[in-house]
Amino acid sequence: GHVRLSVNAINDDTFLWRLEDLSDRGGGARAADALSLPMLTAGPTGTVLYMNESFRRLLGGRVKNLNSVFSDLPLVSGQVHKVLCEGRTLESLVAEVPSHGGRREIYLLPGDSLSEERAPAADWDAIEELPVPLLRLAPTGEVLSSNREARVLLDHPIKAGTRMADILGGLGRPL
């Protein structure tokens, strides 16, 4: 099938890569709902114009403005922000992509470190509940960590030393 690849710079060394399956030509909201990464569209005044299913599940429903989503506005793309989830607060790396008419798309991404004092394992715990499957990989293709969604999706025991080539056929070599 056909796919679209878009890459947006979040800061000097962080990029948001997005692959879209174009076989579903419906596009628009249906394409964003299929995206497992939490995403919303906000207007110039902070009004939430659209929120995909992943973001709605994370928050426990729809919200009307960014004040109901983030406790530490204004948002700075490429920085960690506090997301007001249902009954708790989650820290997540935020990527903001400008759109037409002053609108902006806001994505929640996993971060490498939420603060200098926290250990790497605690950093990964922060994304355990995100509704997107995530794996942390070593440059050698070894799986270092996985979140709950990844373990469910792969339906494969992921032990220390497991390589991507052991989990997914054809992957695990340098890309």
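Residues numbered from 1 in each chain as written. Predicted model: local features only at pLDDT ≥ 70, side-chain atom pairs only at ≥ 80, totals over all residues. Heavy atoms only, no water.

Caption draft 1: Quick peek at the pairing of strand 6 (residues 88–98). The sheet contact formed by strand 5 (residues 80–85) and strand 6 spans six bridges and is antiparallel. Paired with His-81 across the bridge in strand 6 is Ser-92. In this antiparallel pair of consecutive strands, strand 5 and strand 6, the connection spans two residues, and Gly-87 shows a positive phi of 75°. When strand 6 meets strand 7 (residues 104–109), the two strands line up antiparallel, connected through six bridges. Paired with Pro-98 across the strands is Arg-104, a residue of strand 7. As consecutive antiparallel partners, strand 6 and strand 7 are separated by five residues, and within that stretch Gly-101 has a phi angle of approximately 65°, a positive value. (Pairing = 2+ DSSP bridges. Helix = DSSP H or I, 4+ residues; strand = E, 2+ residues; numbered from the N terminus.)

Caption draft 2: Spotlight on a nonpolar patch on the surface. Judged by side-chain polarity, Val-3, Leu-5, Val-7, Phe-15, Trp-17 and Leu-19 come together as a nonpolar surface patch covering roughly 660 Å² of accessible area. Looking at the nonpolar patch, the elements that each hand over two or more residues are strand 1 (3–11) and strand 2 (14–21). Tracing the sequence through the fold places Leu-5 in strand 1. Overall, Leu-5 belongs to the exposed group, its relative accessible area being 51%. (Patch = residues over 30% accessible without salt bridge, like charges linked within 9 Å, V, L, I, M, F, W, Y side chains within 5 Å. Areas by Shrake-Rupley, 256 points an atom, 1.4 Å probe, with all protein chains shown as cover. Salt bridge = Lys/Arg side-chain N within 4 Å of Asp/Glu carboxyl O. Buried < 20%, exposed > 50% of the residue type's maximum accessible area, 1.4 Å probe, protein only.)

Caption draft 3: The environment of Ile-106, seen in detail. Tracing the chain through its elements places Ile-106 in strand 7. For Ile-106, a relative accessible area of 0% puts it in the buried group. In this structure the C-alpha to C-alpha distance between Ile-106 and Glu-96, which are 10 residues apart in sequence, comes to 4.5 Å.

Caption draft 4: View of the pattern of salt bridges. Here the structure, examined in full by the defined rule, presents three salt bridges. Linking Glu-53 and Arg-56 is a salt bridge whose minimum nitrogen-to-oxygen distance equals 2.8 Å. One end of the pair is Glu-53 and the other is Arg-56, both in helix 2 (residues 53–59) and three residues apart, which spans about a single turn. Since its relative accessible area comes to 31%, Glu-53 is described here as partly exposed. The partner of Arg-148 in a salt bridge is Glu-149, and the shortest N-O contact between them spans 3.3 Å.

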